[in-house]
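Remarks on the overall topology
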Amino acid sequence: MSRRSRSDSDLKSVLETLSTPPDEGWLDVLFHHGARVVVFLLLAGAVTLLFPPTGGMDFGRYELGMVADEDVIAEVPFSVPKSDEELARERTAAAAAVPPTYGWVSDAHEAMEEDLSRFFNTVEELAQGPEPEGRLAAALADMGLAVTAEQRELFQEEETRNALRTAALRAVEELLPLGVMDDGDAADPQVTTRVQVREGDEERYVARDSILSPREFYDRSDTYLPPAAPGQLHDVLRLVLIRHLEPSLRYDQVTTEQDRDQARAAVSTIRTTILAGEAIVRANQQVGSEELDRLLAYEDELEARGLLEERAPEILPIVGAFLVNLLILGIFGLLLRFFRPEIYRDFRWVLLQGILILAYAGAGGLIARHGLPVELLPVAFPALAVAVLWDGRIALFLTLVLAVLTGAQPPFQDVHAWLPVLLGGSAAALSVRVVRRRAQTWIFIAIIAATYAALLGALGLVYGTEPATILRSVAWATGNTVVSAILAMGFLPVFEWFTGIITDQTLLEWADPNRPLLKRLALEAPGTYAHTINVANLGEAAAAAIGANELLCRVGVYYHDVGKMLKPQYYIENQPGGNPHDKLKPATSAAIVREHVTEGLRLAREAKLPEVLQAFIPEHHGTQEISYFLDRAREERDEGELELEHFRYPGPRPRSRETAIVMLADSVESATRSMQNPTPERIRTLIDEMVDGKIRDGQLDHAPVTLREITIIKEQFAKVLAGMYHHRIDYPATRHLTDSPSEAPSDASSEDGAAGQGADEGSQTSSGSPASAESGPE
């Protein structure tokens, strides 16, 4: 063995050891978890080195309340911006000074008058008709007037009805033209002494106290009732007016907010401007809040101009930055530990995610060092890779962590840096749900680029950025998306090789019938190929029913019997004539049957079939006995003279849900094919007997399937097989070709073996030879 191959073997052994679940001993637990902690410690250290803190600027020593020890004179002119609180306060005051806008409703008077007249006419008609009380109560309820019995009696009296009608119509006639606002102003937080009224193209300002709110309108309407009117009559009048109110002034919220937004935007963000040579703070002067704001603004201006000398990093800031980065990355590590233990358990998976984070941070370091646009931060690269290899949820959480980690670094603390990382990475994580083929890479490129464009456009609107600047940022982000996505898809085969994960895209590529192995199987062993397709349909349906990977199950079935194409004539599905096993010794026949497993693995390795697909070749038979030839050997020789391992498949037993399903599907499909009269009842009985036989033989002991899932699998098998082998019409013209032979058919379920061993082996030809010397479980 060469030194390089020995080194690769040692590395693989170490990674496998680190991925093995720890024993109960504390040393194993410490080693297992310690390796992962080291990964995150190294990541935090690398990020800290890429973005070292400067230990404070020249002005960092100035604090509120201290006394300046020297004059600080401005070398360049600069502006002191207002604080966020100050700016918000002034903008709020500017908006509050803008009067609300109302639109004049010219036909409100006529509409309300008509409604009231119609209402009172209806009430009067009901009050003067038969059974006035009941009919009036029902009518008022239908109109939405919730009145008491005492109030309802007022409608039955002509005098009170007339008083109500007169008061209501006078209120409409005299008060509504003054201007009655709708309830929109009640929700308006700004209080002004005047309002703007828009009538057509004309606008005018009126005093707020010259128009009425709904409440004021109701209160003034009470004065139109007779002085001696009872209190209940006032309540009824208010209810009637509330029900039929048509405000003559409608609150125009859109126009009002536009006016107030203009007022807010007009507020200057600059508090004051300092000229070159002007003193910022004098020696022996106390540093107040105003002086501190000037110092900070001056520091920002010097930094923006590149005039601020960088100081050597200090230990304490570096330690603090390292702890911050470690805490942020630790959140992701804890998520893997408690909510994704299958990822945390496999050290290669943790290591790859760490490499992706490091690659992103390294790119960020180059961007910061060379002053490149922040839109070039390649968050789509790790997000897409993780989403394709695992799923969108873990990629989404990784994106959140990367966004926080980005915002914690000094060059990227602005919202224009970390927010695009958050949304762009989220779009990358979620877009993979839409795309299942590598050829569709441009689809999620378009999704991510559109997300970037929408966000950058929105930020431009918020901060008043020039359109040309927004377009330039979108162009950078789009280019970043294209490169990141192409790199992620390009490196995906490397990631699959490193992690041992096979993605849906790769499975679909291996499912291509033009693959050399599948094409050879179809041409050299067509019967086996047809059997494979039937088993694939069974396995895929069962896998989907229990939540297993149905695509993996189908593609695995495609390759499970590729070893048969080396000697296809020894398997009944490929035998147009006699059976060559009739002329062979049982041990030789058993060796040929076993050989299709070992040779299948050899062919799979030569074709570089992924390991997860190779597993279907040995595991679909497990360690079952080749029972037909074993029974023949026992008839010829004593039990003690037999080497039983020669009559047993090499294994291993199924170790995944998918290979367990294929073991059962392969056996059931083969046995069902040999049944003379495959009715649904007989098929169900056969399925039960074969699956129970596999369980009794211990073939499913290492597979992570539950009894409930096995029950579901059997139900799916019965459903699919019933469709495959349903009764067909016996056409008279071809009846002589489809009639059964004169000899009585044998019972396929018993031929297959009650113990469920050897699956196809029980189906025999008329000479007593095996119909298929192999079709055991996969």
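Up top you'll find the structure we're talking about.
Presented here is a report on the structure given in the accompanying data block. (Residues numbered from 1 in each chain as written. Predicted model: local features only at pLDDT ≥ 70, side-chain atom pairs only at ≥ 80, totals over all residues. Heavy atoms only, no water.)

We now examine the overall build of the protein chain. Tallying secondary structure elements over the protein chain gives 32 helices and eight strands in all. Counting over 778 residues, the protein chain shows a buried share of 46%. Taking the contacts inside the protein chain whose residues are at least 6 apart along the sequence as the reference set, 77% of them involve residues at least 24 apart. As presented, the protein chain carries roughly 39,100 Å² of accessible surface, and 56% of it is formed by carbon and sulfur atoms. (Helix = DSSP H or I, 4+ residues; strand = E, 2+ residues; numbered from the N terminus. Buried < 20%, exposed > 50% of the residue type's maximum accessible area, 1.4 Å probe, protein only. Contact = heavy atoms within 4.5 Å. Areas by Shrake-Rupley, 256 points an atom, 1.4 Å probe, with all protein chains shown as cover.)

This part is about the nonpolar core. The nonpolar side chains of soluble globular proteins are, as a tendency, buried together. Membership of the largest hydrophobic core comes to 72 residues, with the highest contact counts inside it found for Phe332, Leu384, Trp390, Ile394 and Phe495. In terms of residue count, helix α19 (residues 467–499) provides more of this core than any other element does, ten residues in total. Here Ile394 is in contact with Phe332, Leu335, Leu336, Arg340, Ile343 and Val386, once residues within four sequence places are set aside. Listed in part, the 67 residues of the second largest apolar core include Leu551, Ala633, Val662 and Phe717. (Core = buried A, V, L, I, M, F, W, Y, C linked by side-chain atoms within 4.5 Å.)

This next bit is on the sheet that holds strand β5 (residues 202–207). Taken together, the four strands give an open sheet; going across it, the order is β5-β4-β3-β6, and neighbouring strands pair in mixed fashion. Two strands bound the open sheet, and with one partner strand each, they are β5 and β6 (249–251). Neighbour to neighbour, the strand axes of the sheet diverge by 35° on average, direction disregarded. (Pairing = 2+ DSSP bridges. Axes fitted to C-alpha atoms, helices over the stretch in contact; angles between N-to-C directions.)

As a further point, take the environment of Glu16. Its location among the elements puts Glu16 in helix α1 (residues 3–18). According to the relative accessible area criterion, Glu16 is partly exposed, its value standing at 47%. Note: C-alpha distance between Glu16 and Asp346 (330 residues apart in sequence) is 8.2 Å.

Let us now look at the environment of Ile448. Within the secondary structure, Ile448 sits in helix α18 (residues 441–463). Ile448 gets classed as buried once you look at its relative accessible area, which sits at 0%. Sequence-wise, Ile448 and Thr481 are 33 residues apart; in three dimensions their C-alpha atoms are separated by 6.8 Å. If we skip the residues at most four places from it in the chain, Ile448 touches Ala380, Leu384, Gly424, Ala427, Ala428 and Thr481.

Where helix α15 (residues 380–389) contacts helix α17 (residues 415–431), the axes come no closer than 8 Å and their chain directions differ by 20°. With respect to α17, the element α15 is oriented roughly parallel. The interaxial crossing formed by α15 with α17 has right-handed handedness. The segment α15 lies against α17, with Ala380, Ala383, Leu384 and Ala387 engaging Gly425, Ala428, Ala429 and Ser431. (Parallel < 35°, antiparallel > 145°, perpendicular 65-115°, else oblique. Left-handed = near helix turned anticlockwise from the far one by under 90°.)

A separate point is unusual backbone geometry. Note on backbone geometry: most residues besides glycine have negative phi, and most peptide bonds are trans. A cis amide bond links Gly651 with the next residue in sequence, Pro652, at an omega value of 5°. Mapped onto the secondary structure, Pro652 falls in the loop between α27 (627–636) and α28 (657–673). Its identity is not glycine, yet Lys608 carries a phi of approximately 60°, on the positive side. Counting through the fold element by element, Lys608 comes out in the loop between α24 (586–606) and α25 (611–614). Exposure remark for Lys608: the relative accessible area of 67% places this residue in the exposed category.

Okay, the packing of aromatic side chains next. Inspection of the entire model under this criterion finds 14 aromatic pairs. Plain terms: the ring middles of Phe381 and Phe495 are 6.3 Å apart, the flat faces sit at 65° to each other, and that makes the pair edge-to-face. Of this pair, Phe381 sits in helix α15 while Phe495 sits in helix α19, and the two are 114 residues apart along the sequence. Considered together, Phe381 and Phe495 belong to a single accessibility category, that of buried residues. Ring centres 5.2 Å apart and planes at 80° place the aromatic pair Tyr628 and Phe629 in the edge-to-face group. Each of the two residues, Tyr628 as well as Phe629, counts as buried. Of the aromatic side chains, those joined through ring pairs into one cluster are Phe119, Phe120 and Phe155. Taking NZ or CZ as reference, Arg36 lies 5.4 Å from the ring centre of Tyr344, over its face. Across from the ring centre of Trp510, 4.0 Å away, lies the NZ or CZ of Arg515, which sits over that ring. (Phe/Tyr/Trp six-rings, centres within 6.5 Å; stacked < 30°, edge-to-face > 60°. Lys NZ or Arg CZ within 6 Å of the ring centre and 35° of its normal.)

Relative to β5, strand β4 (residues 194–199) runs antiparallel, the two being bridged by six bridges. Within β5, the residue paired with Arg194 across the bridge is Ala207. The antiparallel hairpin formed by β4 and β5 contains two residues in its connecting segment, where Gly200 sits at a positive phi of about 70°.

A few words now on the packing of helix α4 (residues 108–128) against helix α7 (residues 158–174). At a minimum axis distance of 10 Å, the contact between α4 and α7 shows a crossing angle of 175°. In this view, α4 runs roughly antiparallel relative to α7, as classed from their interaxial angle. Facing His109, Met112, Glu113, Leu116, Ser117, Phe120, Asn121, Val123, Glu124, Ala127 and Gln128 of α4, the residues of α7 in contact are Arg161, Leu164, Arg165, Ala168, Leu169, Val172 and Glu173. Among the residues forming the contact of α4 with α7, the class breakdown is nine nonpolar, four polar and five charged. (Nonpolar A, V, L, I, M, F, W, Y, C, P; charged D, E, K, R; others polar.)

Bringing empty space enclosed by the protein into the picture now. Counting across every chain of the model gives four cavities of 30 Å³ or more. Computed from the structure, the largest cavity encloses a volume of approximately 70 Å³. In terms of lining residues, the largest cavity is bounded by Val47, Phe51, Tyr360, Ala361, Gly364, Leu377, Leu402, Leu405, Thr406, Gln409 and Phe412. Of all the secondary structure elements, the ones that give two or more residues to the lining of the largest cavity are α14 (347–369) and α16 (392–407). For the lining of the largest cavity, a count of residues per class yields eight nonpolar, three polar and no charged. (1 Å grid on protein atoms, 1.4 Å probe; cavity = no way out; pocket = protein on both sides within 12 Å on 5 of 7 lines; lining within 4 Å. Points joined across faces, edges and corners; volume = space filled by probe spheres on them.)

Evaluated as defined, the whole model comprises 30 salt bridges. With its nearest N and O atoms 3.1 Å apart, the salt bridge here joins Glu524 to Arg520. With Glu524 and Arg520 both in helix α21 (residues 516–524), this residue pair falls four residues apart, about one helical turn. Taking the relative accessible area as the measure of exposure, Glu524 reaches 37% and is therefore partly exposed. Where Arg602 meets Glu606, a salt bridge forms, and the shortest distance between an N and an O atom there is 2.8 Å. Placement of both Arg602 and Glu606 in helix α24 is noted, with a separation of four residues, approximately one turn of the helix. Residue Glu606 is classed as exposed on the basis of its relative accessible area, which comes to 52%. One continuous salt-bridge network, built from bridges that share partners, spans Glu86, Arg271 and Asp293. (Salt bridge = Lys/Arg side-chain N within 4 Å of Asp/Glu carboxyl O.)

There is a patch of like negative charges on the surface, built from Glu133, Glu150, Glu153, Glu157, Glu158 and Glu159. Those elements giving two or more residues to the negative patch turn out to be α6 (149–156) and α7. Looking at the secondary structure, you find Glu158 in helix α7. (Patch = residues over 30% accessible without salt bridge, like charges linked within 9 Å, V, L, I, M, F, W, Y side chains within 5 Å. Lys, Arg positive; Asp, Glu negative; His and termini not counted. Charge placed at Lys NZ, Arg CZ, Asp CG, Glu CD.)

With respect to the helices, strands and loops of the structure, Gly527 is situated in helix α22 (residues 526–546). We classify Gly527 as buried; its relative accessible area is 18%. Residues Gly527 and Pro576 lie 49 residues apart in sequence; the distance between their C-alpha atoms is 9.8 Å. Other than its neighbours up to four places away in sequence, Gly527 contacts Glu573 and Asn574.

To continue, consider helix α30 (residues 707–724). Given 3.6 residues to a turn, an α-helix orients residues that are three or four positions apart in the same direction. Relative to the 26 Å expected for 18 residues at 1.5 Å per residue, α30 spans 26 Å between its end C-alpha atoms, a close match to the ideal helical length. Within the span of α30, buried status applies to Glu709, Ile710, Ile712, Ile713, Lys714, Gln716, Phe717, Ala718, Val720, Leu721 and Met724. Summarising the contacts, the buried residues of α30 are in contact with α22, α28 and α29 (680–696). (Expected span 1.5 Å × (residues − 1).)

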